[in-house]
Amino acid sequence: MAFTTGTLINHYKVVSLLGAGGMGEVYKAHDTRLDRAVALKILPADLVADPDRVRRFIQEAKSASALNHPHIVAIYEIGQVAASEITVSEQSSDKESTQPASSNGAGSIHYIAMEFVEGETLHAKIHRERVELKKSLEYLAQVADGLAKAHAAGIVHRDLKPENIMISEDGYAKILDFGLAKLVEIKEAAPASGDSLEEAATAMMNQTRPGMVMGTVGYMSPEQVQGKAVDQRSDIFSFGCILYEAATRIKPFSGDSMIDSLHKIVYAQAPPIKDANPNAPAELQRIVRKCLAKSPDERYQSIKEVAIDLRELIREYDSQPLVSGMYQQPTPSGAYPESQPTMAQSQPSITGPQSGANVTGAQASLATDSGQVAVVAPKGREMRWVTYGAALAVIAIVALTMLYFFVIQKKGKDQTADQKKARQASRFQNPKLTKLTNSGRALGAVISPDGKYVAHIVNEDGQQSLWVRHVATSGNEVKIPRADVVYKGVSFSRDSNYIYYVSAEKGNNIFTLYRVEVFGGSPKKVIEDVDSAVTFSPDGKRMAFVRGYLQEKESALIVTNADGTGEQQKLVVHKRPNDFLEADWSPDGDVIACSARSFTGGFHFELIEVQVADGTEKTIGSTRWGIITGLAWLPDAGGLVISGREQSIGGIQLQLWQVAYPNGEARKLTNDLVNYAGVSVSAETGALVTLQTDAVSNVWILPGSDAGRAQQITLGSGKNVVGCWTPDGKIVYLSDASGNFDIWIMDADGKNQKQLTSDPAIDTLPAVSPDGRYIVFCSNRGSNAGSFNLWRMNIDGSNAKQLTTGGIDFWPVFTGDGQWVIYNHLSGAERSVLWKVPVEGGEPAKLTEYFSMQARISPDGKSIACLHIPDQANPKMKLAIIPADGGQPTKMFDISPAIGESVNFRWTADGKAITYLDSRSGIPNLWVQPISGGEPKQLTAFKSDQMFSFDWSRDGKHLACSRGVETTDAILIRDEAKP
């Protein structure tokens, strides 16, 4: 059915036909309700004939419509209209009338109304306008950003090609048709064994073969061609095809026929880019080859990595060696030269056969920086390295010499205040980011003083291991195999020859410092009872660390000999609840900078300088920090880099900051939507290593504990976290959909989502009263952003009232009669204990005198489950059952992790057991501990993703949980600014 100008489809009036293809006709139309131009895609009748296919398509398209990103075309509406209701508007000079469209017939028309983009497709830009390659790469870097947003939400495009990328008139790339490829997927099943490519090609043309995923020949991945399951790495292959086409203006797997093209996709390597464009940058060849690896495990594992590498290439485009230069050296027979080996060829896998992931990710340009280029032999042959050329080696030496001169030799104390301030302002103005890991499981990454090595922890299958990576070659080596241990800190010695790490077996809360050689050897115990990473004096003879004294109720900065011998001097002591967290010894040796938690003048974090000579201390600057998760001195002692956030209403992202010394003036180094945790700086090169973390979570509903019947009820690429159920079966949850964490409520099927709080503060930990009238929650709203207090509001979000003031109040729950709220209060008190406050407001009262926190009320209201430390000398946390009036524990269970880690637990509806989250198998699942005693048993059987929170419906028949993916990877940041 073709529609002429003036045809009215629902409230969209057709203006003109924009194009047509296998996925339908696209019209420019006018939205008569909102008075705006839209692109209206009419879906072919044969694609919507199957109701199940339409259902799956609508679900996918709804997910896509939730994507809000500048480089993804927005979906406004997914609609359906009876053919008989479509009208054509006839206009004359004196009247306007409507009549049924002449081409109308039986049935319905399915359409998608989308954002209308005035511009050209990327295909037209490449082939008709023939834009320069650098400009095409800039467009594609934007496309990679859009894909990253979709992939984070679990959405795969499946039909990425230049025709599905629009370039607006103002130069913005926009991805089209998310979700449409799902519509033409015939069946999600593996193809019958033995099917040939001829049969596959025939089936693709006829759209009849089960297991064959529809795509566009020339851009499909090998797994698509073979009818296998696809994930985001299939889009990365398609993206590589587009990159190749942008560089050469030809498709990488062009063939004489469809069968020939399919055969090349599965078995043949793309011709070298230099054959068609010898002036393309050499780095592009490496990026393209890594995108086009036949095995998904050997490709980039994340489109974010591709985006990072592309932007590095664009920044250095004009100084890049050309791809033609890569072939001037003789190569082994049949070899394909590249600028760097792929991770699958150069790195050992640490995750085993189940996941196939690798610890480290792409090093975009380190091989070029070191004057080398890799030659990768065919599969089954060893990889060899050849020298790239003397010219690059000389350039590298000169660059390193200049870096040494300006960063190290010019750091003397005779520089003026103006010079120092100018240098501080110029740092990291042009940062170069390189992703060091891609497993998503990295922790505690640190760089050696000489800048040659990065050590990091890998958290895998509930166990942790210690790895060291050679930065220049991307070589990776496991130093301490994975085991049931917890690491608390990693450091390098000043000479970069040793790695010091602090660890303990799970369940043991006394951590021990060990030392292991970077180049081999067995670990050696140095000191027991160490609660932070250690830091060394400039001469390497002494070290400092933080130690907590639970019984003495204090936290101390300790200085001792680097080999662990001699006196352990308490340089300075803070009385609880004020604590030291981390320490870093200044390059000049005079000061140790510390991060600390303080309740003086209201809860906050602060930077403190401690004089090594006499232990005197003072704060660095006047900034009150909401949290500090890492700190490190810059090489010239002119300032520090920290990871954290300011103490202010609104804003939840942890960013990197440069803090000038001694005045403490703070300047943001990063400003994006991911979190940066921890920081380490090389003393010689000034390179910085941090952890980049991101998470996506959505709410799922299960009948009972049946993981196989779990249904996702929220959509999006943000964070949706289960709070609790209401008595009438609604779900109260947290969401950052508004850009800030707020409290929302929805029906159990995900419908009628309503935002209850909308202030810039952080609102969290909601609890609903037994009668369903009130929600009590924790918030830092009000005049003191450092205080988190309890607030009460009506179930509809109205009439908010503050219940507590001062300090930190958290984990509120209602008593069984709904008259009181039990919570934890932390301020100047000696320990964390339970308190209660009347739900209508009034004077709080202490409920317990011993360490207890995170209360949960039993269904009958007679008992409280909480976390408890029974032995102060051996601070192992247990789950305790205590009377509702706050008496002594009656029962205790060993279900908690190491101290400092949270435990997520709930009563069962019958009050006979406690369910809790446990990651002992590597995947978080629910376990159940009977109150009567006995061994706990696993309740759910999820095989993938993380579970962040959960709650049972009041009748115990349904489980709501938040599930998703959390990734943490090490990032190298080098300052490319010229002195």
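Note that the structure is a prediction, hence the values are computed from the model and not measured.

1. Some remarks on the overall build of the protein
For step 1, the next point in the chain: In terms of regular secondary structure, the protein is built from 15 helices and 60 strands.
For step 2, the next point in the chain: A buried classification covers 55% of the 979 residues belonging to the protein.
For step 3, the next point in the chain: Put simply, of all contacts in the protein between residues at least 6 apart along the chain, 50% involve residues at least 24 apart.
For step 4, the next point in the chain: Only carbon and sulfur atoms are counted for the fraction: they give 49% of the accessible area of the protein, which is about 40,500 Å².

2. Examining the packing of aromatic side chains
For step 1, the next point in the chain: Per the stated rule, a full pass over the model turns up 12 aromatic pairs.
For step 2, the next point in the chain: Aromatic pair Phe-3 and Tyr-27: ring centres 5.9 Å apart, planes at 65°, arrangement edge-to-face. Placement of Phe-3 in the segment before β1 (7–9) and of Tyr-27 in strand β3 (residues 24–31) is noted, with a sequence separation of 24 residues between them.
For step 3, the next point in the chain: Among the aromatic residues, those joined into a cluster by ring pairs are Tyr-487, Tyr-501 and Tyr-514.
For step 4, the next point in the chain: Taking the ring centre of Phe-942 as reference, the NZ or CZ of Arg-963 above it sits at 3.9 Å.

3. Quick look at the pattern of salt bridges
For step 1, the next point in the chain: Counted by the stated rule, this structure contains 31 salt bridges.
For step 2, the next point in the chain: We note a salt bridge from Lys-264 to Asp-260, for which the minimum N-O separation is 4.0 Å. Taken together, the positions of Lys-264 and Asp-260, both in helix α8 (residues 258–267) and four residues apart, correspond to about one turn of that helix.
For step 3, the next point in the chain: Accessibility expressed as a relative area gives 24% for Asp-260, which makes it partly exposed.
For step 4, the next point in the chain: We note a salt bridge from Asp-747 to Lys-730, for which the minimum N-O separation is 2.8 Å. On the criterion of sequence distance, the pair formed by Asp-747 in the loop between β41 (742–746) and β42 (754–755) and Lys-730 in the loop between β39 (720–725) and β40 (731–735) is long-range, its members being 17 residues apart.
For step 5, the next point in the chain: You can call Lys-730 partly exposed: its relative accessible area is 29%.
For step 6, the next point in the chain: What you see here is one network of salt bridges that share partners, running through Asp-231, Arg-233 and Asp-297.

4. Remarks on helix α9 (residues 282–291)
For step 1, the next point in the chain: Within α9, 10 of the 10 residues are buried, which leaves the element mostly enclosed by the surrounding structure.
For step 2, the next point in the chain: If you check which residues of α9 are buried, you get Ala-282, Glu-283, Leu-284, Gln-285, Arg-286, Ile-287, Val-288, Arg-289, Lys-290 and Cys-291.

5. Observations concerning the nonpolar core
For step 1, the next point in the chain: The biggest cluster of nonpolar side chains holds 54 residues, and the ones touching the most others in it are Leu-137, Leu-140, Phe-239, Leu-243, Leu-284, Val-306 and Leu-310.
For step 2, the next point in the chain: Put simply, the parts of the chain that give this core at least two residues each are α2 (122–127), α3 (133–152), β10 (165–168), β11 (173–175), α7 (232–248), α8, α9 and α10 (303–315).
For step 3, the next point in the chain: With near-sequence residues (within four places) excluded, Leu-140 lies in contact with Leu-122, Ile-165, Phe-239, Ile-242, Leu-243, Ala-246 and Leu-310.
For step 4, the next point in the chain: Within the second largest apolar cluster, 39 residues are counted, among which are Leu-631, Val-903, Phe-905 and Ile-931.

6. A word on the confidence of the model for the protein
For step 1, the next point in the chain: Within the protein, residue pLDDT values average 79, and 78% of them lie at 70 or more.
For step 2, the next point in the chain: Ranking the elements of the protein by mean pLDDT puts strand β14 (residues 384–387) last, at 24, and strand β24 (residues 535–536) first, at 97.
For step 3, the next point in the chain: Long-range and interchain partners of residues 90–106, a stretch whose pLDDT sits below 50, account for 31 contacts in this model, where long-range means more than four residues apart.
For step 4, the next point in the chain: A low-confidence stretch, residues 326–416 (pLDDT under 50), is modelled with 181 contacts involving residues beyond four sequence positions or located in other chains.

7. Here's the deal with the pairing of β10
Here is the key point about a regular strand: its side chains alternate between the two faces of the sheet.
For step 1, the next point in the chain: Both faces of β10 are covered, namely the face carrying Ile-165 and Ile-167 and the face carrying Met-166 and Ser-168.
For step 2, the next point in the chain: Summarising the sheet, strand β9 (residues 119–121) and β10 pair through three bridges and their orientation is antiparallel. In the sheet register, Gly-119 faces β10, and the bridge partner there is Ser-168.
For step 3, the next point in the chain: Counted along the chain from β10 to the antiparallel partner β11, the turn is four residues long, and its residue Gly-171 has a positive phi close to 90°.

8. Quick notes on the sheet that holds strand β18 (residues 463–470)
For step 1, the next point in the chain: On the basis of which strands lie adjacent, the open sheet formed by four strands has the order β16-β17-β18-β19 and antiparallel pairing. Two strands lie at the open edges of the sheet, namely β16 (442–447) and β19 (476–483), each paired on one side alone. Neighbour-to-neighbour, the strand axes of the sheet open up by a mean angle of 15°, direction not taken into account.
For step 2, the next point in the chain: Across eight bridges, the pairing between strand β17 (residues 453–460) and β18 is antiparallel. The partner of Asn-459 across the bridge, within β18, is Gln-464.

9. Section: the sheet that holds strand β55 (residues 905–907)
For step 1, the next point in the chain: The sheet built from four strands is open, its strands ordered β55-β56-β57-β58 with antiparallel pairing. Single-partner strands in this sheet number two, and they are β55 and β58 (937–938).
For step 2, the next point in the chain: In terms of strand pairing, strand β56 (residues 913–918) meets strand β57 (residues 925–930) through six bridges, oriented antiparallel. Considered in β57, the bridge of Leu-917 is made with Leu-926.

10. Quick word on the environment of Pro-577
For step 1, the next point in the chain: Examined against the element boundaries, Pro-577 turns out to sit in the loop between β27 (569–575) and β28 (579–585).
For step 2, the next point in the chain: Given the relative accessible area of 11%, Pro-577 is considered buried.
For step 3, the next point in the chain: Once the C-alpha coordinates of Pro-577 and Ser-832 are considered, the two residues, 255 residues apart in sequence, prove to be 9.4 Å apart.

11. Brief notes about the packing of α3 against α10
For step 1, the next point in the chain: At their nearest, the axes of α3 and α10 sit 8 Å apart, and the two run at 160° to each other. It follows from the interaxial angle that α3 and α10 lie roughly antiparallel. For the element pair α3 and α10, the recorded crossing hand is left-handed. Note on element contacts: α10 touches α3 through Ile-303, Lys-304, Ala-307, Leu-310, Arg-311, Leu-313 and Ile-314, opposite Lys-134, Leu-137, Glu-138, Leu-140, Ala-141, Gln-142, Ala-144, Asp-145, Leu-147, Ala-148 and His-151.
For step 2, the next point in the chain: Taken together, the residues of the contact of α3 with α10 break down into 11 nonpolar, two polar and five charged.

12. A word on the environment of Tyr-172
For step 1, the next point in the chain: Along the polypeptide, Tyr-172 turns up in the loop between β10 and β11.
For step 2, the next point in the chain: Along the primary structure Tyr-172 and Glu-138 are separated by 34 residues, whereas in three dimensions their C-alpha atoms are 9.5 Å apart.
For step 3, the next point in the chain: Beyond its immediate stretch of four places on either side in the chain, Tyr-172 contacts His-71, Gln-142, Met-166 and Ile-167.

13. So, the environment of Phe-905
For step 1, the next point in the chain: Position of Phe-905 among the secondary structure elements: in strand β55.
For step 2, the next point in the chain: Separated by 49 residues in sequence, Phe-905 and Arg-856 place their C-alpha atoms 8.1 Å apart.
For step 3, the next point in the chain: When sequence neighbours within four positions are dropped, the list of residues in contact with Phe-905 reads Gln-854, Arg-856, Ala-865, Cys-866, Leu-867, Leu-879, Ile-914, Thr-915, Tyr-916 and Phe-950.

14. Some thoughts on the side chain of Glu-312
For step 1, the next point in the chain: Secondary-structure assignment places Glu-312 in helix α10.
For step 2, the next point in the chain: Of the side chains with opposite charge, Arg-315 lies nearest to the buried Glu-312, which makes no salt bridge, at 4.8 Å.

15. Remarks on the pairing of strand β43 (residues 763–768)
For step 1, the next point in the chain: A large share of β43 lies buried, amounting to five of its six residues.
For step 2, the next point in the chain: Pairing analysis gives four bridges linking β43 to strand β44 (residues 774–779), with the strands arranged antiparallel. Following the sheet pairing, Ala-767 is matched in β44 by Val-776.
For step 3, the next point in the chain: Connecting β43 to the antiparallel partner β44 that follows it, the hairpin turn spans five residues, and Gly-772 within it adopts a positive phi of roughly 75°.

What counts as what
Residues numbered from 1 in each chain as written. Predicted model: local features only at pLDDT ≥ 70, side-chain atom pairs only at ≥ 80, totals over all residues. Heavy atoms only, no water. Helix = DSSP H or I, 4+ residues; strand = E, 2+ residues; numbered from the N terminus. Buried < 20%, exposed > 50% of the residue type's maximum accessible area, 1.4 Å probe, protein only. Contact = heavy atoms within 4.5 Å. Areas by Shrake-Rupley, 256 points an atom, 1.4 Å probe, with all protein chains shown as cover. Phe/Tyr/Trp six-rings, centres within 6.5 Å; stacked < 30°, edge-to-face > 60°. Lys NZ or Arg CZ within 6 Å of the ring centre and 35° of its normal. Salt bridge = Lys/Arg side-chain N within 4 Å of Asp/Glu carboxyl O. Core = buried A, V, L, I, M, F, W, Y, C linked by side-chain atoms within 4.5 Å. pLDDT = per-residue confidence, 0-100. Pairing = 2+ DSSP bridges. Axes fitted to C-alpha atoms, helices over the stretch in contact; angles between N-to-C directions. Parallel < 35°, antiparallel > 145°, perpendicular 65-115°, else oblique. Left-handed = near helix turned anticlockwise from the far one by under 90°. Nonpolar A, V, L, I, M, F, W, Y, C, P; charged D, E, K, R; others polar. Lys, Arg positive; Asp, Glu negative; His and termini not counted.

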